[in-house]
Amino acid sequence: MSEKILKFPDDFKWGAATASYQIEGAFREDGKGLSIWDVFSHIPGRIQEDDTGDVACDHYHRYREDVKNMKKIGLKAYRFSISWPRVIPEGRGKINEAGLDFYDRLVDELLKVDIEPFITLYHWDLPQTLQEKGGWKNRDTVGYFSDYAAVVSHRLGDRVHSWITHNEPWVVSFLGHAFGTHPPGIMDFSTALQVSHHLLLSHAGALEVLKNTGNDKTRVGITLNLSSAHPATDKEEDIKAAKIFDGFINRWFLDPIFKGSYPPDMLDYYKDNVPEILPGDMGVISRKVDFLGVNYYTRHIVKANPEEGILGISFLKPGEAEYTEMGWEVYPEGIYEVLKRVQDDYSPESIYITENGAAFQDRLDKEGKVEDKKRINYLKDHLCHIHKAIGEGVRLKGYFVWSLMDNFEWTYGYSRRFGLIYVDYPTQKRIFKESAIWYKKVIENNGISQ
Ligand code: IFM
């Protein structure tokens, strides 16, 4: 029987993604300043096993080998982030040319082998000096971010055309400022909401800078972590709880960007915690983006629980479902639900899945192989639902696996492995997992075999 292949559009961009703090290492080299993650990861007890990103995957020194591996997989695009304090050690003012040189070399190395760079400006590593001035709570940081965007664009904008301002502003706002599990470790809901507003403003500031300093090929977007929110039952209170969760994680960011206003039900719900919004802010935030980046990992089943936290909700985890090492339910239908919803309700010009992937327990066997069937199934099932969404008119232009290689998974340290490539940390040896070989075939076929 001949194999049936679900084909993707001819110009579909197959990629993989990483982020600076998670892979680079070299945390004090060549003039780099400290980031909030450098400082936070050194506080005992904050990170599993007290791991840090000091060395991580040593990508700063091994980027040539890493680009070769990308080419072996056949990637068409690579999404990575820039470390702000590597480029501007104190966040503003003096530029560190050696830091810019690193990204310059990386971009050239990628272009040499026809891999398109997608750059994220902010994947969470704020310069520590700016944190000491109030970080994202301080509105001045918005302006510093635009200046940083200009510096990077002047150096790389002739060769880099696809830019992402922020990665997952929800995580920065709430894990960093409401739940305190990420730096700066603040636990204050109104601060988190103010931060979310400043992040959105800074996105729009950088968007304008990138457009003005780039060329007619420059495309700018933002990446949001979106989820599909399912009510646990058809009881009115659970339906309402799911709507609140949707407002909290999805609409609080989508509405300002695409509609120029925060969702009215959430403004009511947050009451006194609502951020200070200056006249003109919403017009700025809703400047047109060229694309939306969507990070999708799982769905949420939401139940009303008035006793629980500020939102009064809790989550159900169905016993029969499969879970990843992060404890996230494997729910591939959700990627279809999110894509359709974004297209129907917000109609972005184009969309990229800028992250999708899974952490499972990977074992390097005696033959030196990593047989990660669960990851292959995860990726394949999600791609099937993506294919369906494209077939129904969703303007999805590309897909980036999280992640190219195992790396520092934030508060979980190195205990969670998301990579297509296994990293043996003591030797820094890179080993292709079975999923990398499978993904190579997907790219070759421009589709998935059924
Ligand atoms: O590793 C992270 C990434 O930095 C942002 N998105 C989610 C990934 C998995 O947790």
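Up top is the structure these notes are about.
Report follows, based on the coordinates.

So, the site of the ligand
Close to the ligand lie Gln22, His123, Trp124, Asn167, Glu168, Tyr297, Trp328, Glu355, Trp402, Glu409, Trp410 and Phe418, which account for all nearby residues. Contacts to the ligand include His123, whose side-chain N or O atom sits 2.8 Å from an oxygen atom. Between Trp402 and the ligand, the recorded distance is 3.3 Å, taken from a side-chain N or O atom to an oxygen atom. Here the ligand has 280 Å² of accessible area as a free molecule, and 95% of this is covered by the chains. When grouped by side-chain class, the residues that make up the shell around the ligand number six nonpolar, three polar and three charged.

Some points on the sheet that holds strand β8 (residues 291–295)
Around the barrel, eight strands lie side by side as β2-β3-β4-β5-β6-β8-β11-β12; this closed barrel has parallel pairing. Strand-to-strand, the axes of this sheet are offset by a mean angle of 25°, without reference to chain direction. Pairing of strand β2 (residues 13–17) with strand β12 (residues 396–402) involves five bridges; the strand directions are parallel. Paired with Ala16 across the two strands is Val401, which belongs to β12.

Details of helix α15 (residues 434–445)
For α15, which comprises twelve residues, the first-to-last C-alpha distance of 17 Å matches the rise-based estimate of 16 Å (1.5 Å per residue) to within 8%. Along α15, the residues classified as buried are Ser435, Ala436, Trp438, Tyr439, Val442 and Ile443. Along α15, the residues classed as buried sweep out an arc of 160° about the axis, all on the same side. In the core, the buried residues of α15 are packed alongside β2, α3 (59–73), α14 (373–391), β12, β14 (429–432) and β15 (447–449). Two residues or fewer after α15 comes Asn446, characterised by a positive phi angle close to 50°.

Observations concerning α3
One full turn of an α-helix is made of 3.6 residues, so residues set three or four places apart face in the same direction. Helix length check: α3, at 15 residues, gives a terminal C-alpha distance of 17 Å against a target of 21 Å (1.5 Å per residue), a shortfall beyond 12%. For α3, the principal kink sits at Glu65 and spans about 40°. Looking at α3, one finds that the buried residues are His59, Tyr60, Tyr63, Asp66, Val67, Asn69, Met70 and Ile73.

Description of the packing of aromatic side chains
Tallied over the entire structure, the rule returns 46 aromatic pairs. What links up through ring pairs into an aromatic cluster is the set Trp170, Phe174, Phe189, Phe245, Phe248, Trp252, Tyr262, Tyr270 and Phe315. Looking at Arg299, its charged tip hangs above the ring of Tyr331, at a distance of 3.8 Å from the centre. Sitting above the plane of the Tyr336 ring, Lys388 keeps its charged end 4.0 Å from the centroid.

Here's the deal with unusual backbone geometry
Pro184 follows Pro183 through a cis peptide bond whose omega is 10°. Mapping Pro184 onto the fold places it in the loop between α8 (169–177) and α9 (189–213). Of note, Asp30 is a non-glycine position whose phi angle comes to about 50°, a positive value. Residue position: Asp30 is located in the loop between α1 (20–23) and α2 (36–41).

Scoring rules and cut-offs
Residues numbered from 1 in each chain as written. Predicted model: local features only at pLDDT ≥ 70, side-chain atom pairs only at ≥ 80, totals over all residues. Heavy atoms only, no water. Near = heavy atom within 4 Å. Polar contact = N/O pair within 3.5 Å; in protein donor to acceptor, adjacent residues only side chain to side chain. Areas by Shrake-Rupley, 256 points an atom, 1.4 Å probe, with all protein chains shown as cover. Nonpolar A, V, L, I, M, F, W, Y, C, P; charged D, E, K, R; others polar. Pairing = 2+ DSSP bridges. Helix = DSSP H or I, 4+ residues; strand = E, 2+ residues; numbered from the N terminus. Axes fitted to C-alpha atoms, helices over the stretch in contact; angles between N-to-C directions. Expected span 1.5 Å × (residues − 1). Buried < 20%, exposed > 50% of the residue type's maximum accessible area, 1.4 Å probe, protein only. Arc of directions from axis to C-beta. Contact = heavy atoms within 4.5 Å. Bend = angle between axes of the 7 residues up to and from the residue. Phe/Tyr/Trp six-rings, centres within 6.5 Å; stacked < 30°, edge-to-face > 60°. Lys NZ or Arg CZ within 6 Å of the ring centre and 35° of its normal.

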